[in-house]
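Given next are the chains, with one letter for each unit.
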Amino acid sequence: MPHLHELPCVALYWDFENLHAGLVEARAGEGHYAKPDVRFKLQEPLVDVAAVTAAAIAEGPLAIHRAYCNWQFFSRYRDALMQAGMDLVQMFPPGGAAKNGADIRLSLDVLEDLARLPHIRTVVVVGGDSDFLPLAQKVHAAGRRLVGVGTRPNTNRHWAGSCDAFLWYEDLAGGAAAEPAAGG
């Protein structure tokens, strides 16, 4: 039986708040999530963690499963996150309008992981931002496969087009973009 490091493995990285915000806006309207009284409070679980994780596992065995978010507002996802065995990276935004901290940290971690872990053959990035375009170029330059996951209304078309494959969250979650998280 081959060891995990001999198999072509998958690394799954989530810009978790990006996906959650897109689902909130699909339910409540554009701009709703950006309001401080919405964003900086305990969040209802909307992301189907199990469905996205299953899609990544369909690409190969998971070697890395990491998500970036300001987790202080996402405790209601606890069971789904634990069931998925996710490595949670705490992001403390420096201000109410702070953006891109998770994008930058996620991108740096992907590049570092690819440099030191040659068995990672496929990178899956959950997020719809055009900020990931340079990451796509670097992943391809490293000779790795890139799969993106995002919501239809919130995914930049250039980012989706830069991926070797792009999976729409709505399809993975059974067509319902705002169903409760699967706990297990």
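Since the model is a prediction, treat every value here as computed from it, not as a measurement. Here the residue index of a chain counts from 1 through its sequence in written order. Under the rules for a predicted model, residues below a pLDDT of 70 receive no local features and side-chain atom pairs below 80 are neither given nor counted, while totals for whole chains, interfaces and linings still include all residues. Side-chain calculation: all heavy atoms of the structure are included, whereas hydrogens and water are not.

**Looking at the pattern of salt bridges**
For the record, the criterion: By salt bridge we mean one thing: a side-chain nitrogen of Lys or Arg within 4 Å of a carboxyl oxygen of Asp or Glu. Secondary structure follows DSSP: runs of H or I at least 4 residues long count as helices, runs of E at least 2 residues long count as strands, and numbering of each begins at the N terminus. For each residue, the accessible area found with a 1.4 Å probe, counting protein chains only, is set against the maximum for its type, and the residue is called buried under 20%, exposed over 50%, and partly exposed in between.
Taken as a whole and assessed by the stated rule, the structure comprises twelve salt bridges. Here Arg76 ties to Glu44 by a salt bridge, and the two come within 2.2 Å at their closest N and O atoms. Pair noted here: Arg76 is in the loop between β2 (62-69) and α4 (78-84) and Glu44 is in the loop between α2 (36-39) and α3 (49-57), with a separation of 32 residues, a long-range link. Its relative accessible area of 41% is what places Arg76 among the partly exposed residues. Look at Glu44 and you get partly exposed, because its relative accessible area is 47%. Note that Asp109 is salt-bridged to Arg66, the shortest N-O span being 3.7 Å. Of the two residues, Asp109 sits in helix α5 (residues 101-116) while Arg66 sits in strand β2, which places them 43 residues apart along the sequence. Both residues of the pair, Asp109 and Arg66, count as buried. Connected through salt bridges with shared partners, the residues Arg66, Asp87, Arg105, Asp109, Glu112, Asp113 and Arg116 form a single ionic network.

**Quick look at the packing of aromatic side chains**
Keep this limit in mind: Stacked, tilted and edge-to-face pairs are distinguished by plane angle, under 30 degrees for stacked and over 60 for edge-to-face with tilted covering the rest, among Phe, Tyr and Trp rings (Trp via its six-membered ring) whose centres lie within 6.5 Å.
One pass over the full model with this rule turns up ten aromatic pairs. Centroid distance Phe16 to Phe74: 6.0 Å. Interplanar angle 90°. Geometry classified as edge-to-face. With Phe16 in helix α1 (residues 16-28) and Phe74 in the loop between β2 and α4, the pair connects residues that are 58 residues apart, well separated along the chain. A relative accessible area of 0% places Phe16 in the buried class. On the numbers, 6.5 Å between centres and 90° between planes, the contact of Trp159 with Phe166 is edge-to-face.

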